[in-house]
Each structure stands twice: as C-alpha cells, then as structure tokens.
Amino acid sequence: ADDGVLVDSEARTGVGSITTLRLHGDHAAELLPLVEAGEVVTPTGKQRIDPDASGVDRASGPRPVLALFAVDRPGEDDDVDVTRCGAAESADVIVRSFFSPPGSVAESLAYLELASSIASWLPVFRLTYPRDRARLDEVLDAARSAVGDVVRA
C-alpha cells in the first residue's frame, strides 16, 4: 500500500486500507495498460483507478511490514536517495502518519508511546527520487536494497 496501511504491531503485519488508487494519467496508462483510469480527483491531476478492476493485483490479507518510507517531494532532477531515520525521527514520521491529530495531551502521549513502540521494530527511511517513470526500477532497487540491508543485519 502507498497511502494507508492498518498495522498490527504485535503480529508486525499490515493490510492496505486504501479503497481507491490514484495515479497520474500517464503513469496509469503505462503501469496498468488494461485498466481504464477514472475521473481526476486531486489538484495534482491524479485519476481514480478502481482497485477491483481486472488487471489490478491486490494482497488478499495481512502481509509482513518490513519498512516505512517517508517520501520527500520528488523533483525532476533529484537523485534516488534512501536514508534510514534514527529513533526520534522514526517515531516522528510514524506519529505524522497516523493522519488524525490527537486532541488532548494524554492522547498525544499515547500516540507518541505507540509510535515509539512501532519504531523499535519497524525501520523508517526517507526516500527522495526523481519524478521520472523511466527511473522507477532504480527507485525500487534502492528501496529493496535498504530493506534488505536491515533484514540481513
């Protein structure tokens, strides 16, 4: 999943929770040539893709969660860069990934405690990459390599 994952921190598994995919039209046509892109749904021009359409492969259940990637806004000329976050930055990235800000100080502390717990076993990386579809394999290889280095350690 790229936007939403429900994580079971005890089992260290996750399930993608997004109900629709959103891709730029040119990426949708190249990555999913048999799937018709729908309406433009974001100010960035991304189009809605039906995740249940024929040609879209989805996980059928929980999968091991190996890493979290915090994607820095890609630029046209950026190099591919994957950097592992330290403990404090990892917890911060995880807290920011909860999407619903806590209301009270007690809720904030509970979020931070949960995020710190998850950060103790889930490697978090910052990922910067060029917005160039032709370099997608390079981005994926760098991400796989970073995760593989952690798994082997």
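Structure shown above.
> Teacher, can you tell me more about the pairing of strand β8 (residues 124–128) here?
A regular strand carries its side chains on alternate faces of the sheet. In terms of residue burial, β8 counts as a mostly covered element, since four of its five residues are buried. In terms of strand pairing, strand β6 (residues 68–71) meets β8 through four bridges, oriented parallel. By the bridge assignment for β8, Ala 70 is matched with Arg 126.

> How should the packing of helix α2 (residues 87–96) against helix α3 (residues 105–119) be read in this particular structure?
Angle between the axes and distance between the axes are the two parameters that describe a pair of packed helices. Viewed as axis vectors pointing N to C, α2 and α3 meet at an angle of 120°, and their least axial separation amounts to 8 Å. For the element pair α2 / α3, the angle class is oblique. Relative to α3, α2 is oriented so that their crossing is right-handed. Where α2 abuts α3, its residues Ala 87, Ser 90, Ala 91, Ile 94 and Val 95 lie against Tyr 111, Leu 112, Ala 115, Ser 116, Ile 118 and Ala 119. The class makeup of the residues in the contact of α2 with α3 is nine nonpolar, two polar and no charged.

> Looking at this structure, I do not really get the sheet that holds strand β1 (residues 5–8). What am I missing?
In sheet architecture, strand pairing relies on hydrogen bonds along the backbone and comes in two forms, parallel and antiparallel. Sheet architecture is open: three strands sit in the order β1-β2-β5, paired in antiparallel fashion. Each edge of the open sheet is held by one strand with a lone partner, namely β1 and β5 (63–64).

> Could you clarify how one ought to interpret helix α4 (residues 136–152) in this entry?
Under the 1.5 Å per step criterion, the end-to-end length of α4 is 24 Å for 17 residues, consistent within 8% with the ideal 24 Å. Taken as a whole, α4 has its buried residues at Val 139, Ala 143, Ala 146, Val 147 and Gly 148. In this fold, the buried residues of α4 make contact with β6, β7 (81–84) and β8.

> Teacher, can you tell me more about the pattern of salt bridges here?
Pairs can form between side chains of opposite charge whenever their charged atoms are close. This model, assessed by the stated rule, comprises five salt bridges. The salt bridge partner of Arg 96 is Asp 92, with a shortest N-O separation of 2.8 Å. Here Arg 96 and its partner Asp 92 are both found in helix α2, four residues apart, which amounts to about one turn of the helix. Exposure remark for Arg 96: the relative accessible area of 60% places this residue in the exposed category.

> In this structure, what is going on with the environment of Arg 144? I would like to understand it.
Relative to the assigned elements, Arg 144 resides in helix α4. When the C-alpha atoms of Arg 144 and Ala 67 are compared, they prove to be 9.8 Å apart, with 77 residues separating the residues in sequence.

Rules of the game
- Residues numbered from 1 in each chain as written.
- Predicted model: local features only at pLDDT ≥ 70, side-chain atom pairs only at ≥ 80, totals over all residues.
- Heavy atoms only, no water.
- Buried < 20%, exposed > 50% of the residue type's maximum accessible area, 1.4 Å probe, protein only.
- Helix = DSSP H or I, 4+ residues; strand = E, 2+ residues; numbered from the N terminus.
- Pairing = 2+ DSSP bridges.
- Axes fitted to C-alpha atoms, helices over the stretch in contact; angles between N-to-C directions.
- Parallel < 35°, antiparallel > 145°, perpendicular 65-115°, else oblique.
- Left-handed = near helix turned anticlockwise from the far one by under 90°.
- Contact = heavy atoms within 4.5 Å.
- Nonpolar A, V, L, I, M, F, W, Y, C, P; charged D, E, K, R; others polar.
- Expected span 1.5 Å × (residues − 1).
- Salt bridge = Lys/Arg side-chain N within 4 Å of Asp/Glu carboxyl O.

All we've got here are geometric facts, nothing functional implied.
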